[in-house]
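# Remarks on the overall topology
If you want the building blocks of each chain, they are given just below.
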Protein chains: 2
Amino acid sequence: MTTALIAIDWGSTHLRSYRLGQRGEVQEVRALPWGVRQLPDHGFDGAFSEAVEGWPDAPVIACGMVGSRNGWLEVPYVDTPASVAQLASALAALDTRHGRRLYLVPGVRDPSRPDVMRGEETQVAGLLATYADAPGSTDILLPGTHSKWVSVRHGRMTRVATVMTGELYGMLCRHSVLGAALPPSVADDEAFDQGLLAARDSGAAGALSRVFLARSLMLDGKLAPASVPSYLSGLLIGEELRAALAAGWIAPRASLHIVGEDALVERYVRAATVFGLQLLAAPSDTTARGLWRLAALASLVPPGVEA
Amino acid sequence: MTTALIAIDWGSTHLRSYRLGQRGEVQEVRALPWGVRQLPDHGFDGAFSEAVEGWPDAPVIACGMVGSRNGWLEVPYVDTPASVAQLASALAALDTRHGRRLYLVPGVRDPSRPDVMRGEETQVAGLLATYADAPGSTDILLPGTHSKWVSVRHGRMTRVATVMTGELYGMLCRHSVLGAALPPSVADDEAFDQGLLAARDSGAAGALSRVFLARSLMLDGKLAPASVPSYLSGLLIGEELRAALAAGWIAPRASLHIVGEDALVERYVRAATVFGLQLLAAPSDTTARGLWRLAALASLVPPGVEA
């Protein structure tokens, strides 16, 4: 089992390292809690040691917030329109105390909004590598704490837009009057749909004008207290889809790819039907695939071999 | 100085009691920190004692969250369309251990959304009493933690809509990545205007699709870190006005009344110009005026005397 590459997905709150074989196949995965915002003793060096310890001396590549201003080394963004090959040619090298050289993937900046992403560009690269025979133009939704909407035209990332859906949901549940004094929540599909429809029907006014309904419906006995979080989840995911259509990030009745955690993807797929959209779930491990692809384009691994 | 009425504005986080003379004039004011969510020893009774201690044995009336489910006594809402006279005829009486009888003002519920208010209906009553010779149809904005938009038609409150602008602003500054690691904030009119325009120009997509700009503009060097709160304030107040127009709560180029704290009213007045709206600031003490008006209609004070 020759190791060809060590690939690290290193975000704000997580670190996941992959040992990849000669065709990019995953041989071993390590998940550590050492995100950029929560590091162990010896900081980045300490976290890095744990991530690669005992693994062969292969090239190491990483993406995500590790390359941000608050990361290990700030790697300048590549501006849209940005191809995967451009990202590969803009890797930044960092010589660690450990003796290994670490290559960092740049994020992508859309100067027209402005907006930025770090880590998701690698997932996009992985998705595009997966569908190598697909047309080079597609739209990709990467939901999460900060959902990213990415457009790809002729093989280049042309738009990045961030919607803070996940963070807003967490704040409303934990810190607002809407989430105050609720019993333990239950996953309630009906309440989720009720929130979705409230967002859709808000039209151009938008769902912020209806978010207080989570409370007044409850006071009115039309929403069970334990279902308030499901309602808010539907309202905010619905608002994200409504806004994406209203902003023209996607066309009515569009098909687009979605890359994310299974439970979240499931919610968005359910929501999409209400808006007449079709979401195509990507295979897992898009980050590892993207890092492999970038390493191959940068000649860190032998050419011509693909996962 | 005969005391005709004791009027109490009793919300979630504050209690303000007014001693009013025979024409409703304010003779004395007491501000106490005893909101419904933060009571002293002996709870509501203890807070009430402090609020009225040493004052003559006049009728006592109160509005606000003291009449809510988590208050002293839950007073059912009066549904829209609701006149001030209807509210006066629906006062709930509570005999306190103190020996005094306390009259509580009901809130107003708009079953069409549904939406609710408690306390603001009294400010509306005060405003309508102030403009006794004005037409009985107007729109009123009461900005705050939870902004209320109230329509009055032919002397009746016909619409209540809540937008959580203040609470959302506080959460984004204190609990989100947008407010993380900022230096002490400065009031920056230019950044406020920048946020306002971002909200206006978001069109039907709405400002939630742009709230992450507070971070990306900062990363781009186009927004000073200390000005991020001002930008967010402009974005969220702008979003509230944009949504109110899009939802049809107010007509384009409308004039409407605004009732609130001076600093907040100033921000909204500035914002309104960007949206072609005219906001008319109400005189202060609208709550005391409203409580006087309700007491007069309920014959708790001699008829025919007005502030």
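Conventions and cut-offs
- Residues numbered from 1 in each chain as written.
- Chains lettered and ligands numbered in written order.
- Predicted model: local features only at pLDDT ≥ 70, side-chain atom pairs only at ≥ 80, totals over all residues.
- Heavy atoms only, no water.
- Helix = DSSP H or I, 4+ residues; strand = E, 2+ residues; numbered from the N terminus.
- Rg over C-alpha atoms; globule rule 2.2 N^0.38 Å.
- Buried < 20%, exposed > 50% of the residue type's maximum accessible area, 1.4 Å probe, protein only.
- Contact = heavy atoms within 4.5 Å.
- Areas by Shrake-Rupley, 256 points an atom, 1.4 Å probe, with all protein chains shown as cover.
- Lys, Arg positive; Asp, Glu negative; His and termini not counted.
- Charge placed at Lys NZ, Arg CZ, Asp CG, Glu CD.
- Pairing = 2+ DSSP bridges.
- Buried area = accessible area lost by both parts, 1.4 Å probe.
- Salt bridge = Lys/Arg side-chain N within 4 Å of Asp/Glu carboxyl O.
- Polar contact = N/O pair within 3.5 Å; in protein donor to acceptor, adjacent residues only side chain to side chain.

The name that an unreviewed UniProt entry assigns to chain A is 2-keto-3-deoxy-galactonokinase, with the source organism given as Dyella solisilvae.

### Examining the overall build of chain A
Helix and strand counts for chain A come out as nine helices and 15 strands. Compactness check: chain A gives a C-alpha radius of gyration of 21 Å against a globular reference of 19 Å for 307 residues, within 12% of the reference. Counting only C-alpha atoms, chain A reaches 65 × 45 × 35 Å along its principal axes. With 307 residues in all, chain A has 57% of them scored as buried. Of the contacts made within chain A by residues no fewer than 6 positions apart, 63% connect residues no fewer than 24 positions apart. When the accessible surface of chain A is split by element, carbon and sulfur atoms take 49% of a total near 12,400 Å². If the 27 positive side-chain charges of chain A are averaged to one point and the 31 negative ones to another, these points end up 4 Å apart.

### Quick word on helix 1 (residues 43–52) of chain B
The α-helix winds at 3.6 residues per turn, so residues separated by three or four positions along the chain end up facing the same way. Residue and element names in this part refer to chain B. Counting buried positions over the ten residues of helix 1 gives seven, a clear majority of the element. In this structure, the buried residues of helix 1 make contact with strand 1 (5–10), strand 2 (15–20), strand 3 (26–32), strand 4 (60–63) and strand 8 (101–104). Immediately beyond the C-terminal end of helix 1, within one or two residues, lies G54, with a positive phi of roughly 80°.

### Focus on the sheet that holds strand 5 (residues 78–79) of chain B
Residue and element names in this part refer to chain B. One open sheet accounts for three strands, arranged 5-9-10; its pairing is mixed. Edge positions in the sheet fall to strand 5 and strand 10 (115–117), since each of these pairs with one other strand and no more. Here strand 5 pairs with strand 9 (residues 108–110) via two bridges, running parallel. Opposite D79, over in strand 9, you have R109 as the bridge partner.

### What about the interface of chain B and chain A?
Taken residue by residue, the interface counts 41 residues in chain B and 41 residues in chain A. Buried surface at the junction of chain B and chain A, summed over both partners, amounts to about 3,600 Å²; 67% is from carbon and sulfur atoms. Residue D220 of chain B is joined to R109 of chain A by a salt bridge in which the shortest nitrogen-to-oxygen separation is 2.7 Å. For the pair chain B and chain A, the interface holds 14 residue pairs in polar contact (both at pLDDT 80 or more). The set of elements that each furnish at least two residues to the side of chain B that touches chain A consists of strand 10, strand 13 (156–163), helix 4 (165–175), helix 6 (213–219) and helix 7 (228–246) of chain B.

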